[in-house]
Amino acid sequence: MATTDSTTHPCDEVLPPTRMIAFGIQHVAAMYAGVVAPPLIVGEAIGLPPLQMTLLIGASLFTAGLATALQALGVWKIGARMPFVNGVTFGSVAPILAIVAQQSGSQNPLSVVYGSVLIAGVLAFIAAPYFSRLVRFFPPVVNGTVITLIGLSLMPVAIKWIAGQDSEAPDYAAPQKVLLGAVTFVLVLLFNRFLTGFLNRIALLIGLLVGSLIAWPMGLVDTSTFESAPLFNLPVPFELGTPTFSLTATLSICIVMLVAMMESTADMIALGEIVDRPADEKTIAAGLRADGAGSALSAIFGGFTCSAFAQNIGLVALTGVRSRFVVATGGGVLVLLGLFPVAGAVVSLVPQPVLGGAALVLFGSVATSGIRTLSKAGLGDPHNALIVAGALGIGLIPVVAPAFYDHFPEAMRTVLDSGISTGCIAALLLNLLFSKRREPQMS
């Protein structure tokens, strides 16, 4: 049984070590692909040799683990102290690739990237208490809309894990991939329905394991990474590049950090609703400081911009395990994966179609939590209904039509291509507009 008492919130619950590790690994399994994808894409764009590519991925895992532990456990006024996973934000990939392209003639284009991430992280840390004041503008109608949008915006990620990233590839959405994703999806649902107790809480992990075993004879388990991964590697500060500084590159990453802070704020509010510990201004400020500190630390050890991961919100909603110490344990697992690349390669054996099938349930759980919050928002009020309709409509544009904003300036696209950011901004502005219309009626 958990060592808790009547005054202890579930977020502060300490579970037996075996359960902490099992639940922590489940969080890692759900986010592993999201952490390693950005360094893989950037490394391939630069043309890094296999050894440096391994170091880059290891650095991302290592720094994601440190940032996750910092976010969950907290130090001083840093860390939301909620069951939040932190990792490399995918929103930084496009700007980083643009910086790399601009620095193509330099000896190490990663140096400029790290310098930009370092400055952006420090500025985010300083700006956190001011940015956190946005929480006062998040009533249930805005909260519910943003949470629902988070879940819906993540759905394409799950679909791409199942079908493949390249729609032009010959095996894109191959029947065996779709079948594997569907089988995993059904398994996760069935395990959640029929397993009880501890096994019910790790139903997702069991689903991933069974799905991977089914995929093995189908030839969908790639063991090449496992075969070439070194046993141990200790990330060394500035090993992959000593930070150098460029004004345009720094401005670009600062915009990314601003968007990440907005998404983190929405994620913290969403998680607060799910775990019944509302994220107030103080909590959000502490969480944003962790984002900034994690990003600066990440630049030192060879990673990229860090922010709160929306993916694990669905896992908390699905399993009901709210303990932040479980997530901190997951952070420890990520650190170990960064230190022991061969262990990280074992996790990478889970085929992406399997991960995608499980993710459909996770991300759907997030959307369901948003709908539950919206049920408290009084949608019988036509003004509230318009806020939800308008914000969802705007927020889903980049989700259903990813190329919609392609002709807009690159700086604007950093914000516009994020459905969570555009939907959040729309919900905030529409709420301000219609709340002013309500005031004369109430007087």
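Residues numbered from 1 in each chain as written. Predicted model: local features only at pLDDT ≥ 70, side-chain atom pairs only at ≥ 80, totals over all residues. Heavy atoms only, no water.

The chain has the name Purine permease in an unreviewed UniProt entry, where Saccharopolyspora endophytica is given as its organism. Of the chain, the UniProt comment under Subcellular location (unreviewed entry) reads exactly: "Cell membrane". What the UniProt record of the chain gives under Sequence similarities (unreviewed entry) is the line "Belongs to the nucleobase:cation symporter-2 (NCS2) (TC 2.A.40) family." (UniProt positions renumbered as here; feature names shortened; annotations may be inferred.)

Caption draft 1: Molecular detail of the overall build of the chain. Secondary structure summary: the chain contains 19 helices and two strands in total. In terms of C-alpha radius of gyration, the chain reaches 21 Å, essentially the compact-globule figure of 22 Å for 443 residues. Over its C-alpha atoms, taken along the principal directions, the chain stretches across nearly 70 × 55 × 45 Å. Going through the 443 residues of the chain one by one, you find that 54% of them count as buried. Nonlocal contacts in the chain, meaning residues at least 24 apart in sequence, comprise 82% of its contacts between residues at least 6 apart. (Helix = DSSP H or I, 4+ residues; strand = E, 2+ residues; numbered from the N terminus. Rg over C-alpha atoms; globule rule 2.2 N^0.38 Å. Buried < 20%, exposed > 50% of the residue type's maximum accessible area, 1.4 Å probe, protein only. Contact = heavy atoms within 4.5 Å.)

Caption draft 2: Region of interest: the environment of Trp76. By the secondary structure assignment, Trp76 is in the loop between helix 2 (50-73) and strand 1 (86-88). Among all residues touching Trp76, those that are not within four sequence positions of it are Arg81 and Phe125.

Caption draft 3: Examining the environment of Tyr405 more closely. Mapping Tyr405 onto the fold places it in the loop between helix 17 (397-400) and helix 18 (410-416). Remark: the alpha-carbon pair of Tyr405 and Leu416, spanning 11 residues in sequence, is separated by 7.0 Å. Excluding residues within four positions of it along the chain, Tyr405 makes contact with Ile397, Pro398, Arg413, Leu416 and Asp417.

Caption draft 4: Structural view of the nonpolar core. Ile150, Leu204, Phe304 and Ile313 are the most contacted members of the largest nonpolar core, which has 100 residues in total. No other element matches the 11 residues that helix 10 (residues 247-274) contributes to this core. In contact with Ile313, other than residues within four places in its own chain, are Phe84, Asp267, Ala270, Leu271, Ile274 and Val366. (Core = buried A, V, L, I, M, F, W, Y, C linked by side-chain atoms within 4.5 Å.)

Caption draft 5: Summary view of the pattern of salt bridges. Inspection of the entire model under this criterion finds five salt bridges. By sharing partners, the salt bridges in this structure join Asp12, Arg277 and Arg324 into a single network. (Salt bridge = Lys/Arg side-chain N within 4 Å of Asp/Glu carboxyl O.)

Caption draft 6: Quick look at unusual backbone geometry. Not every positive phi belongs to a glycine, and Trp76 is a case in point at roughly 55°. Even without glycine at this site, Asp276 takes up a positive phi of about 60°. Position of Asp276 among the secondary structure elements: in the loop between helix 10 and helix 11 (281-301).

Caption draft 7: Region of the structure containing the confidence of the model for the chain. Per-residue confidence for the chain gives a mean pLDDT of 85; residues scoring 70 or more make up 94%. Per-element averaging of pLDDT across the chain places helix 9 (residues 224-228) at the bottom with 70 and helix 6 (residues 175-194) at the top with 95. Note that residues 1-6 has pLDDT below 50 and, in this model, six contacts with residues that lie over four places away or in other chains. Low pLDDT, under 50, characterises residues 439-443; the predicted model gives this stretch one contact beyond four residues in sequence or across chains. (pLDDT = per-residue confidence, 0-100.)

Caption draft 8: Structural detail: the environment of Ala285. Looking at the element boundaries, Ala285 is found in helix 11. Other than its neighbours up to four places away in sequence, Ala285 contacts Ala128, Pro129 and Ser132.

Caption draft 9: Region of interest: a nonpolar patch on the surface. Taken together, the side chains of Leu231, Phe232, Leu234, Leu336 and Phe340 make up a nonpolar region of the molecular surface, amounting to roughly 510 Å² of accessible area. Of note, Phe232 is situated in the loop between helix 9 and helix 10. Judged by its relative accessible area of 46%, Phe232 falls in the partly exposed class. (Patch = residues over 30% accessible without salt bridge, like charges linked within 9 Å, V, L, I, M, F, W, Y side chains within 5 Å. Areas by Shrake-Rupley, 256 points an atom, 1.4 Å probe, with all protein chains shown as cover.)

Caption draft 10: Region of interest: the packing of aromatic side chains. Tallied over the entire structure, the rule returns seven aromatic pairs. A centroid spacing of 5.5 Å and a plane angle of 65° characterise the contact between Phe62 and Phe301, whose relative ring orientation is edge-to-face. With Phe62 in helix 2 and Phe301 in helix 11, this pair connects stretches of sequence that are 239 residues apart. Comparing Phe62 with Phe301 shows no difference in burial state: the two are buried. Taking 5.4 Å as the distance between ring centres and 80° as the angle between the ring planes, the aromatic pair formed by Tyr405 and Phe408 counts as edge-to-face. Under the relative-accessibility criterion, Phe408 is labelled partly exposed at 37%. Taken together, Phe404, Tyr405 and Phe408 form an aromatic cluster joined through their ring pairs. Over the face of the ring belonging to Phe194 we find Arg193, whose NZ or CZ atom lies 4.8 Å from the ring centre. (Phe/Tyr/Trp six-rings, centres within 6.5 Å; stacked < 30°, edge-to-face > 60°. Lys NZ or Arg CZ within 6 Å of the ring centre and 35° of its normal.)

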